[in-house]
Amino acid sequence: MKQETLKPSDRELFRHPGVQNYVLAALVSLVIVFGTLYIRGSIVGGIVVVLFGTAGLFLRWTAAPVLMLLLTTYFELFPAGKPLLGSDDPWGPRRNSFRIEDMLLTMGLLVYVASQYRLFGILVQALPSENEGTTTGDANQPIRRPTTAISIVEFPKMIWLAAIAVFAAQITWGFLVFFQVETEGSFSVKYVRHFLPETAAQENALHSAASRFVLLSAIVLGISVIAHVVLWYHRMRVLTPDEAKMIVLDTAWNESRREYARVASWQAWANARTRRRTDTTEGEQR
Amino acid sequence: MLTSRGWWLLVVIGLQVFLGVVVLPTWSVTPAVIGLAFLAWFGWEWAIFHWRLTSVISQLRVERRIVQNEREVPMVWAGVHFTVRLNVDYEAGVSVPFVRIEDRIPTGQEWIGGEAETSTFLDAGKHITLSYDLRCPSLGILRFEGVHVHIADLHGLFYHRRFLREGVEYLVLPRLSDDEGRQRADKRFNMLPPPGMHRFRRPGTGSELLDLRDYRAGDPPKMIAWKPSARRDRLITKEFESEVPVRCVLFLDTSPGVRLGAPGKTALVQLASLASGVAQAAAANRDLVGLTIFDEERAEILMPARTRTHLIMMLERLALAAGRMPDLAGASVAEIARRGKTLARTLYPELMAKDTNTMPWSRLWLPLLDRRWGWMIVAVLAASPLLIIRKDWLRETAAAAWSMKPGVSSGWARIIFFFAIWAVFAFSPILIALVVWLFHGISGWFNPKRTNLTRRKRLAALLALRENLGPTGIECFIHDDAAFTETVGRFLSHHRTPCPVPLYDDQGRYRFRGERKIKTLAAAILRSVGRARDNELYVLLADLTELAADLAPLLKAARVARSRHHQVLVIVPWPSDVPEPEDKPAPNPEPRHPAVPVETSQLTPQQRFLMHRSLIHAAFTEQIQHAYRELRRELGRAGISVVRVGESDAVQIVLDRLDRLRGMRTRR
């Protein structure tokens, strides 16, 4: 519970430098997104995305980041706004990799989404609503992150992280495009020296799209497994005694639960029968 | 760990990555780059959150102190506000950008002010202090369970809740009253009584002059008052007061019947508060006060004494007694399981989590032999081979299989098809039995009871862990409702969580009469009488209202006490919503509820409910008042007075009795 302190108004919140950083970052990101869409010939898309993004920023639409992602992708594919895919370019995947405007667009979108989510945490809600586990009298009020909890380094870290993510994505895309899964002998991954169009049949190799899918799955799976193992080991090292006991107990139960269940069900039946007989005897005595 | 926001974003990212990498690259590679960048960013945020989470939990330390009257205290006083100071220290090197720490406040306390929660970031060496004020309205036990810790990332994509358990209990001692403890400003007699001595208006060997009378033959010469004798010209003898210490023994009922009700408002709290008032008032007069706490099984005795240490010990015993939780035997399994599960998920979230406390799919499989008709399936399975080996069966099934000609030209395919169909027909009883077994088993995965079974298993595992029962305890609690209910009841009582219990059994009898406590009480009284001196007052603070027909042992003990010139007084608790028995209702009382039509079929459900409730309340009132009158009549025959809690001032009545024992006229 808290004393009845006045919650900071939106004006006070927007005056905080930490909040202003995020607002500014989101607006600059929208400008970058507009610029890249404009270069691609999608003026309508740029305007729609900027308007939607700005409205979502100031009206605090919680679905705005996800919809921005989808809208940008839509106008990237359909610059005129109509859902009509033009003619495809079989050479496109390789030729159009490592474009600066792609990286700028991705960076802008990523910074916008991250800034928007962080603003939500400060202005709207930082923790999900739960019915259990809260003992405060104002359990229906959403819990927000206070401005005092905004540290100086989190904004630059966000920008750096976005840049590294874009760089990693570009490297990964390059790997997916320039390497191929070959089926000759055992499955192997080889550098594609002589690139064929997307639609051409591949000899002793998977189709380009299938190859990219397999490679991406392998990368995601591999990283997930490694991360899972590392985090699992870390978690095992910091287990509390109670958690460790529960894991041991649960494992022991799982090993022989069929036998335990059989014995327990018979025992419960016997106890219930004894109780029924005792109650009947006491009732008769009364 | 993922919030709904995180799940939505992950789904959209997944879709973006799939479309961008597999479907769309020939039109545009930008969706692929966007999707991969978001995937990398999301994956990093997930990994770093997980790392921080596992680092934080093991490195947070909590220390709690209670401060009252600017001193750290091990127990608090009812009605006096106190400050709770919570220090949280973080020792790990991993920083956490957002964490919310919230103290779990015990229920039933009055909030005064302060901060019981804070949201901040955590750095190595960070120290957080929470301070807030509470007040306990009644005596008992105050239990702090620990601190909620909510950890989330900055984007609201990941969230984890943990509870730092740090269970600590504080006694809440009864309010220090000045009722009759205040010293009189005027002296009734020539001098204030020395400690422990009271005036008893009978001649004795005290030091306070009582009276002057004429000399009688045999009076000792030292008792002659020479100056009055000279004035009156005849011999006058001095008479001094008798010094008789007065003892009071309180008998407090802690049977299950007096523990019913909302926490802090039970009959036991009423009686214990009254007992503390009597004890403090008597102790202020330096009277000896003893305490016997009894229930249906045993009695704990604290011999009469009058030191301050003894008084504090009495107050502690009263607080412990008042803090006893109701007996939850007989509560419905569903209700108690629901409350137990909620409490377990609040206080032990990591032990109730899916990865620690698992429920494998195979456990939800329904065993066939748990049903009686399942044995028929087993019989079919066992008997099938006898059918299958018969020649006519094989011949018939072969003919049927041969008649099903497949539309294939290959001879080998025809042969294989024939044998496959023949096997299906020949072994059809076994196959049908296996299909029934399979469908019955997997129906447990889709059964609406699956959720309840999973929750019960998780709660059972936690209880088995707490009770050190091992893996057998888990299945025992799943199958045995009585053992489960009893253990969950203990779990709830340990954490001071109330749970409603049925007051009447399935035959309409009141479950909390507690007739066995009469024998315990009678034995305790006889024990006290055996050790008593002169002129003791026995105050029985007990719920005897429903026991007028079972008082024989108590009456016997009371008669023994009275034969030794002791006095017995009974104080019974009284429900606050029941009018006093002496009050006679007005001839035409005002209806409590709006006038309702006579025809019940014309009543709305709300009106019908109100009418039923008022009828039940009227019947209950009549029953209680009648039972009280019966009790008073039965005890009155043995010379025992009966007083209700709340009737005038029960403490004053007790003190009046003490004065009467001293031979004083009432001071009120």
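Now for a description of the structure that goes with this document. These figures come from a predicted structure and were not determined experimentally.

Calculation rules
Residues numbered from 1 in each chain as written. Chains lettered and ligands numbered in written order. Predicted model: local features only at pLDDT ≥ 70, side-chain atom pairs only at ≥ 80, totals over all residues. Heavy atoms only, no water. Helix = DSSP H or I, 4+ residues; strand = E, 2+ residues; numbered from the N terminus. Buried < 20%, exposed > 50% of the residue type's maximum accessible area, 1.4 Å probe, protein only. Contact = heavy atoms within 4.5 Å. Areas by Shrake-Rupley, 256 points an atom, 1.4 Å probe, with all protein chains shown as cover. Rg over C-alpha atoms; globule rule 2.2 N^0.38 Å. Lys, Arg positive; Asp, Glu negative; His and termini not counted. Charge placed at Lys NZ, Arg CZ, Asp CG, Glu CD. 1 Å grid on protein atoms, 1.4 Å probe; cavity = no way out; pocket = protein on both sides within 12 Å on 5 of 7 lines; lining within 4 Å. Points joined across faces, edges and corners; volume = space filled by probe spheres on them. Nonpolar A, V, L, I, M, F, W, Y, C, P; charged D, E, K, R; others polar. Buried area = accessible area lost by both parts, 1.4 Å probe. Salt bridge = Lys/Arg side-chain N within 4 Å of Asp/Glu carboxyl O. Disulfide = S-S within 2.5 Å. Pairing = 2+ DSSP bridges. Axes fitted to C-alpha atoms, helices over the stretch in contact; angles between N-to-C directions. Core = buried A, V, L, I, M, F, W, Y, C linked by side-chain atoms within 4.5 Å. Left-handed = near helix turned anticlockwise from the far one by under 90°.

1. Thoughts on the overall build of chain A
Logical step 1: Assigned secondary structure in chain A consists of nine helices and two strands.
Logical step 2: Secondary structure elements of chain A occur, N-terminal to C-terminal, as α-α-α-α-α-α-α-β-β-α-α.
Logical step 3: Taken across its 286 residues, chain A has 37% of its residues classed as buried.
Logical step 4: For chain A, contacts bridging at least 24 residues in sequence account for 64% of all contacts bridging at least 6.
Logical step 5: Here chain A has roughly 16,300 Å² of accessible surface; of this, 63% comes from carbon and sulfur atoms.

2. Overview of the overall build of chain B
Logical step 1: Looking only at helices and strands, chain B has 17 helices and 18 strands in total.
Logical step 2: Here the C-alpha radius of gyration of chain B, 39 Å, is well above what a compact globule of 668 residues would show, namely 26 Å.
Logical step 3: For the C-alpha atoms alone, the extent of chain B along its principal axes is close to 155 × 70 × 55 Å.
Logical step 4: Expressed as a percentage of contacts within chain B between residues at least 6 apart in sequence, the contacts between residues at least 24 apart total 72%.
Logical step 5: Each charge class in chain B can be summarised by its mean position, and for the 90 positive and 69 negative side chains these summaries are 3 Å apart.

3. Quick word on the layout of surface pockets
Logical step 1: There is about 1,700 Å³ of room inside the largest pocket.
Logical step 2: Around the largest pocket, the lining is made up of 42 residues, and of these A:Asp279, B:Asp327, B:Ala329, B:Gly330 and B:Arg511 lie nearest the centre.
Logical step 3: At the level of elements, helix H9 (241-285) of chain A together with helix H13 (481-494) of chain B are the ones that each hand at least two residues to the lining of the largest pocket.
Logical step 4: Of all the elements, H13(B) adds the most residues to the lining of the largest pocket, at eight residues.
Logical step 5: Split into classes, the residues belonging to the lining of the largest pocket amount to 11 nonpolar, 11 polar and 20 charged.
Logical step 6: Taken as a whole, the second largest pocket encloses approximately 1,400 Å³ of empty space.
Logical step 7: B:Met1, B:His160, B:Ala353, B:Lys354 and B:Asp355 are, among the 37 residues lining the second largest pocket, the residues nearest its centre.
Logical step 8: Put simply, the parts of the chain that give the lining of the second largest pocket at least two residues each are helix H8 (208-237) of chain A together with helix H2 (30-57), strand S10 (159-173), helix H6 (333-347) and helix H11 (449-467) of chain B.
Logical step 9: Tallied by class, residues from the lining of the second largest pocket come to 14 nonpolar, nine polar and 14 charged.

4. As for the interface of chain B and chain A
Logical step 1: With 93 residues of chain B at the interface, the matching set in chain A holds 89 residues.
Logical step 2: Carbon and sulfur atoms make up 69% of the surface buried where chain B meets chain A, a total of about 8,000 Å² over both sides.
Logical step 3: If you sort the residues of chain B by the area they bury against chain A, B:Thr26, B:Trp27 and B:Leu154 come out on top, with a joint share of 8%.
Logical step 4: One can count six salt bridges joining chain B with chain A.
Logical step 5: Notably, a salt bridge pairs A:Arg275 with B:Asp480, separated by 3.5 Å at the nearest N-O pair.

5. Some details on the state of the cysteines
Logical step 1: Counting across every chain of the model gives zero disulfides over all chains.
Logical step 2: Of all cysteine sulfurs in the structure, the one in B:Cys499 sits closest to B:Cys476, which takes part in no disulfide; the separation is 20 Å.

6. Overview of the sheet that holds strand S9 (residues 140-152) of chain B
Residues and elements named next belong to chain B.
Logical step 1: Strand order across the open sheet formed by five strands is S3-S10-S9-S5-S7, with mixed pairing between neighbours. Strand pairing shows two members of the sheet lacking a second neighbour, strand S3 (75-77) and strand S7 (117-122), which therefore form its edges. Strand after strand, the sheet turns through a mean of 30 degrees between neighbouring axes, direction not considered.
Logical step 2: Here strand S5 (residues 96-103) runs beside S9; their pairing, made up of five bridges, is antiparallel. When the sheet's bridge partners are listed, Glu 102 is paired in S9 with His 148.

7. With respect to the nonpolar core
Logical step 1: In this structure, A:Trp173, B:Val21, B:Phe38, B:Trp41 and B:Ile151 are the most contacted members of the largest nonpolar core, which totals 80 residues.
Logical step 2: The biggest single contributor to this core is helix H6 (residues 100-123) of chain A, with 13 residues.
Logical step 3: Of all hydrophobic cores here, the second largest spans 44 residues; its members include B:Leu173, B:Leu274, B:Leu569 and B:Leu655.

8. Quick notes on the packing of helix H1 (residues 4-23) of chain B against H2(B)
Residues and elements named next belong to chain B.
Logical step 1: Running from N to C, H1 and H2 cross one another at 140 degrees; their axes reach a closest spacing of 8 Å. Between H1 and H2 lies a crossing whose hand is left-handed. In this structure, H1 uses Gly 6, Leu 9, Leu 10, Ile 13, Gln 16, Val 17, Gly 20 and Val 21 to contact H2, whose residues at the interface are Pro 31, Ala 32, Ile 34, Gly 35, Leu 36, Phe 38, Leu 39, Trp 41 and Phe 42.

9. Regarding the sheet that holds strand S16 (residues 536-541) of chain B
Residues and elements named next belong to chain B.
Logical step 1: The strand order across the open sheet built from six strands is S15-S14-S13-S16-S17-S18, with neighbouring strands paired in mixed fashion. Where the open sheet ends on each side, the last strands, each with one partner, are strand S15 (299-305) and strand S18 (641-644). Direction aside, neighbouring strands of the sheet carry axes that sit 15 degrees apart on average.
Logical step 2: In this structure, strand S13 (residues 247-253) lies alongside S16, joined through six bridges in parallel fashion. Bridging across to S16, Leu 250 finds its partner in Val 539.
Logical step 3: Contacts from helix H5 (residues 308-322) reach S13, strand S14 (288-294) and S15 within the one sheet, and its direction differs from that of S15 by about 155 degrees.
Logical step 4: On the sheet, helix H16 (residues 605-637) packs against strand S17 (567-572) and S18 and is oriented at approximately 150 degrees with respect to S18.

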